[in-house]
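One letter stands for each residue in the lines below.
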Amino acid sequence: QVQLVESGGGLVQAGGSLSVSCAASGFTFSRYAMGWFRQVPGKAREFVAEISWSGGATSYAHSVEGRFTISRDNAKKMVYLQMNSLKPEDTAVYYCGARSYFSDTNHESGTYNYWGQGTQVTVSS
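Now for a look at the structure at hand. Per chain, residues are indexed from 1 in the order of the written sequence. Since the coordinates come from a predicted model, pLDDT governs what is reported: local features require at least 70, and pairs of side-chain atoms require 80 or more to be given and counted, while whole-chain, interface and lining totals use all residues. Computation of side-chain values: all heavy atoms of the structure, hydrogens and water removed.

The next thing to look at is the packing of aromatic side chains. Two rings from Phe, Tyr or Trp (for Trp, the six-membered ring) form a pair when their centres sit within 6.5 Å of each other. Planes less than 30 degrees apart are called stacked, planes more than 60 degrees apart edge-to-face, and all others tilted. What the rule picks out here adds up to eight aromatic pairs. One aromatic cluster is present, built from ring pairs that chain together Phe27, Phe29, Tyr32 and Tyr114. Cation placement over rings: the criterion is NZ of Lys or CZ of Arg within 6 Å of the ring centroid and within 35° of the ring normal. Arg45 extends its terminal NZ or CZ atom over the ring of Tyr95, reaching a point 3.7 Å from the ring centre. The ring of Phe29 has Arg72 sitting right over it, with the charged end atom 4.4 Å from the ring centre.

Only one face of strand 1 (residues 3–7) is covered, namely the one carrying Leu4 and Glu6; the face carrying Gln3, Val5 and Ser7 has none of its residues buried. Any two strands between which DSSP finds at least two bridges are classified as paired. Counting from the N terminus, the helices are the DSSP runs of H or I reaching at least four residues and the strands are the DSSP runs of E reaching at least two. Bridge analysis of strand 1 against strand 3 (residues 18–25) gives five bridges, and the strand direction is antiparallel. By the bridge assignment, Gln3 is partnered in strand 3 with Ser25. Burial classification: accessible surface area is computed with a 1.4 Å probe over protein chains only, and a residue below 20% of its type maximum counts as buried, one above 50% as exposed, and the rest as partly exposed.

What follows covers the state of the cysteines. Our working definition of a disulfide is a cysteine sulfur pair at a distance within 2.5 Å. A full pass over the atoms with the stated rule returns one disulfide. Here Cys22 pairs with Cys96 through a disulfide, and the sulfurs are 1.9 Å apart. One disulfide, between Cys22 and Cys96, carries an S-S torsion of 45 degrees and so falls in the right-handed class. With Cys22 in strand 3 and Cys96 in strand 9 (residues 92–99), the pair connects residues that are 74 residues apart, well separated along the chain. The exposure class of Cys22 is buried, given its relative accessible area of 0%. On the accessibility criterion, Cys96 (0% relative accessible area) is buried.

Let's shift gears to the sheet that holds strand 1. Here we have four strands laid out as an open sheet, ordered 1-3-8-7, and antiparallel in their pairing. Looking at which strands have only one partner, the edges of the open sheet turn out to be strand 1 and strand 7 (68–73). Averaged over all pairs of adjacent strands, the angle between strand axes in this sheet comes to 15 degrees, irrespective of strand direction. The pairing of strand 7 with strand 8 (residues 78–83) spans six bridges and is classified as antiparallel. From the neighbouring strand, Thr69 faces strand 8, where its bridge partner is Gln82. A fitted line through C-alpha atoms serves as each axis, taken over the contacting stretch for helices, and the angle formed by two N-to-C directions is quoted from 0 to 180°.

One speaks of a salt bridge when a side-chain nitrogen belonging to Lys or Arg is within 4 Å of a carboxyl oxygen belonging to Asp or Glu. Inspection of every chain in the model, using the stated rule, returns four salt bridges. The partner of Asp90 in a salt bridge is Arg38, and the shortest N-O contact between them spans 2.9 Å. You can see Asp90 sitting in the loop between strand 8 and strand 9 and its partner Arg38 sitting in strand 4 (residues 33–39), a full 52 residues away along the chain. Taking relative accessible area as the criterion, Asp90 reaches 1% and is therefore assigned buried. The salt bridge partner of Asp90 is Arg67, with a shortest N-O separation of 2.8 Å. Of this pair, Asp90 sits in the loop between strand 8 and strand 9 while Arg67 sits in the loop between strand 6 (58–60) and strand 7, placing them 23 residues apart in sequence. Arg67 gets classed as buried once you look at its relative accessible area, which sits at 11%. What you see here is one network of salt bridges that share partners, running through Arg38, Glu46, Arg67 and Asp90.

Structural data, given as structure tokens:
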């Protein structure tokens, strides 16, 4: 069955760096765009970044552009999010998701087919 498993979350001080990973299985990973979202209690899931199936195109939320980098390894069926210059407002549960197309304008969470269980990232001030 389809599985997306995030890992690498944790506690980091403001200004620090952290990388989260997502391992995929049960679907043709190389044919899916992959995205990272985040969510805090009481708020909707928020788009962070997306990468096309080939890795040739990426899209970022304005709040993370220039600080976060999304990448993927199709051979390993992995997607990564490198987070630098972290801020307390980056604190959230981070989720990876998969959908069958890449878009740099439409990042509605409802358009994603598969989701992981999330990993907590906490940035202390």
